[in-house]
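Structure assessment
Residues per chain, in single letters:
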Amino acid sequence: MNILIIENEIYLAQKVVSRLLDDGHSCDYIESPNIDNLSKDYDIVLLSTSLPSALCKNIIKKYNNNAIILLLVSYISDETVTNPIKDGAKDYIMKPFIMDELVRKIYHYKECRSIRRELQTLREYVDFMMEDIDTSPVLLPPSFPSLIESNSQKCADKLVFELSRKLDKPITFISLGSSSWQKKLNAIDKKCIIYLTDYHSLKRSAKENLIKLIEEKDCIISSLETEDDFPYRKVEFNDGNLLMSNTNIMTINDYVKLMVLSYQSKYPDTELSKKLGISRKSLWEKRKKLGIEKKK
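In what follows, the accompanying structure is described. In this text the structure is predicted, and so the values were computed from the model without any measurement. (Residues numbered from 1 in each chain as written. Predicted model: local features only at pLDDT ≥ 70, side-chain atom pairs only at ≥ 80, totals over all residues. Heavy atoms only, no water.)

**Description of the overall build of the chain**
Keep this limit in mind: Helix and strand assignments come from DSSP, with helices taken as H or I runs of at least 4 residues and strands as E runs of at least 2, each series counted from the N terminus. The globule rule used for comparison is 2.2 Å times the number of residues to the exponent 0.38, while the radius of gyration itself is calculated over C-alpha atoms. When a residue's accessible area, from a 1.4 Å probe over protein chains only, is under 20% of the maximum for its type it is buried; when over 50% it is exposed; and in between it is partly exposed. In this analysis, two residues are considered to be in contact whenever any of their non-hydrogen atoms come within 4.5 Å of each other. The accessible surface values rely on the Shrake-Rupley method and a 1.4 Å probe; as for residues, cover is taken only from the protein chains in view. Only four residue types enter the tally: Lys and Arg on the positive side, Asp and Glu on the negative side, with His and both chain ends excluded. Every charge is mapped onto a representative atom, which is NZ of Lys, CZ of Arg, CG of Asp or CD of Glu.
Scanning the chain from N- to C-terminus turns up ten helices and ten strands. A compact globule built from 296 residues should have a C-alpha radius of gyration of about 19 Å, whereas the chain, at 29 Å, is more than 25% larger. Burial statistics for the chain: of 296 residues in total, 40% are counted as buried. Long-range contacts, defined as pairs at least 24 residues apart, comprise 57% of the intrachain contacts of the chain with a sequence gap of at least 6. Roughly 17800 Å² of accessible area belongs to the chain as shown, and the carbon and sulfur atoms make up 49% of that amount. Where the 45 positive side-chain charges of the chain centre and where its 43 negative ones centre are 6 Å apart.

Right under this line is the structure:
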């Protein structure tokens, strides 16, 4: 990491630089900076609040978007701690401090930043992958255990993710297609939503066993088949554009309907009919027969 140390206590600064260099980091040290001369990018800024508060404020403003700012503090006050943290500093450490504690804070906040960035990326990706799924007609109540019957795993997933955000509870995911699902389920002791997928893959005896195990748990189960014998609350949520289930072979008409609905906004009729191996007139007749509205 590139680390900037801004500290007017030279002996302390030298100790910090020496330790961070030993850990393999690149360090720059200055006593009293001219903010206009600070042009390098840093991952971590260790900032002494012994400097004038206006200068500290400007340094925090300059770096808080990209760097983690930790305060080196001689005493606690609004000027040395409260206001700088409001301005964007992450944390503080009191002088004199144990060097291991400073290093621990650096790695802690570096890990937090990495996790936040990864989480944001994953959240944006999940939202992108599921943006075409409209859950507004379906209400998944916070009642456990519950079963989602769907012809699309993505539909079930989106309902569970939305409930997780609504209740502000984490999800623990277990595939019932795994041979170790029962061991994983019994090992959960934290307060979370337990999301069990692939219920349709279980044999009848295994389903009966699972139903006993989840009676007192906050479980949501998803199945790609109709489950008439499930004893708790059920919600049905299907993808209207997905006309085949995991166990059925599609009819020719269903296949044509799926392809037209999926690709008519991408290809003109001339190209779409060629890809389907039919004439434009046949494509028009299929639309009329199958009730497909042409998108403009």
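**A few points about the side chain of Ser 273**
The criterion, for reference: N or O atoms within 3.5 Å of each other form a polar contact, as long as, within protein, one can give a hydrogen and the other can take it, and as long as residues adjacent in sequence are counted only when both atoms are side-chain atoms.
Mapped onto the fold, Ser 273 is located in helix 9 (residues 269–276). A polar atom in the side chain of Ser 273 sits 2.9 Å from the backbone oxygen of Thr 270. The residues contacting Ser 273, other than those within four sequence positions of it, are Ile 278, Ser 279, Arg 280 and Leu 283.

**A few points about the nonpolar core**
Condition: What makes a nonpolar core is a set of buried Ala, Val, Leu, Ile, Met, Phe, Trp, Tyr and Cys residues whose side-chain atoms join them at distances within 4.5 Å.
The biggest cluster of nonpolar side chains holds 20 residues, and the ones touching the most others in it are Ile 5, Val 16, Leu 20, Leu 46, Phe 97 and Leu 102. Broken down by secondary-structure element, the contributors of at least two residues to this core are strand 1 (2–6), helix 1 (10–22), strand 3 (44–48), strand 4 (68–73) and helix 4 (99–129).

**Overview of the sheet that holds strand 4**
Picture the strands of a sheet paired through backbone hydrogen bonds; they go either parallel or antiparallel. As a reminder, the rule being used: Two strands are said to pair when DSSP picks up at least two bridges between them. Lines are fitted to the C-alpha atoms to define the axes, a helix being fitted only along its stretch in contact, and any angle between axes, read from their N-to-C directions, falls within 0 to 180 degrees.
If you trace the five strands from one edge of the open sheet to the other, you get 2-1-3-4-5, paired in parallel fashion. With one partner strand each, in any of the chains shown, strand 2 (26–30) and strand 5 (91–94) form the two edges of the open sheet. This sheet shows a mean twist of 20° between the axes of neighbouring strands, independent of strand direction. Bridge count for strand 3 against strand 4 is five bridges, and the pairing is parallel. Bridge pairing in strand 4 places Val 45 opposite Ile 69. Sheet strands in contact with helix 3 (residues 78–87) are strand 4 and strand 5, and its direction is about 170° off that of strand 4. Sitting on the sheet, helix 4 touches strand 3, strand 4 and strand 5, and the angle it makes with strand 4 is about 155°.

**Comments concerning the sheet that holds strand 10 (residues 233–236)**
With parallel pairing, the five strands of this open sheet are ordered in space as 7-8-9-6-10. Strand pairing shows two members of the sheet lacking a second neighbour, strand 7 (171–175) and strand 10, which therefore form its edges. Taking each pair of neighbouring strands and ignoring which way they run, the sheet shows an average axis angle of 20°. In terms of strand pairing, strand 6 (residues 146–149) meets strand 10 through four bridges, oriented parallel.

**Regarding a nonpolar patch on the surface**
What counts, and what does not: Think of a patch as exposed residues, more than 30% relative accessible area, with no salt bridge, where like charges cluster within 9 Å and nonpolar side chains (Val, Leu, Ile, Met, Phe, Trp, Tyr) cluster within 5 Å. Here a salt bridge means any side-chain nitrogen of Lys or Arg lying within 4 Å of a carboxyl oxygen belonging to Asp or Glu.
Together, Tyr 125, Phe 128 and Met 129 line one region of the surface with nonpolar side chains, adding up to about 330 Å² of accessible area. Following the sequence through the fold, Tyr 125 ends up in helix 4.

**Considering the pairing of strand 8 (residues 193–197)**
To be explicit about the condition: Looking down the strands as they point away from the viewer, one classifies a crossover as right-handed if the path from the first strand across the helix to the second runs clockwise.
Among the five residues that make up strand 8, five are buried, leaving the element largely enclosed by the rest of the structure. Burial along strand 8 is two-sided: the residues Ile 193, Tyr 195 and Thr 197 and Ile 194 and Leu 196 are all buried. Pairing of strand 7 with strand 8 involves five bridges; the strand directions are parallel. From the neighbouring strand, Ile 174 faces strand 8, where its bridge partner is Leu 196. Sheet topology note: the strand 8/strand 9 (residues 219–223) ladder contains three bridges and is parallel. Within strand 9, the residue paired with Leu 196 across the bridge is Ile 221. At this point the chain moves from strand 8, through helix 7 (residues 204–213), to the parallel strand 9, and the crossover so formed is right-handed.

**Regarding unusual backbone geometry**
With omega at -10°, the peptide bond leading from Lys 95 into Pro 96 counts as cis. Note on placement: Pro 96 falls in the loop between strand 5 and helix 4. The backbone phi angle of Asp 168 is positive, close to 55°, even though this residue is not glycine. Inspection of the secondary structure puts Asp 168 in the loop between helix 5 (153–167) and strand 7. A positive phi angle is found at Asp 198, which is not glycine, with a value near 65°. Residue position: Asp 198 is located in the loop between strand 8 and helix 7.

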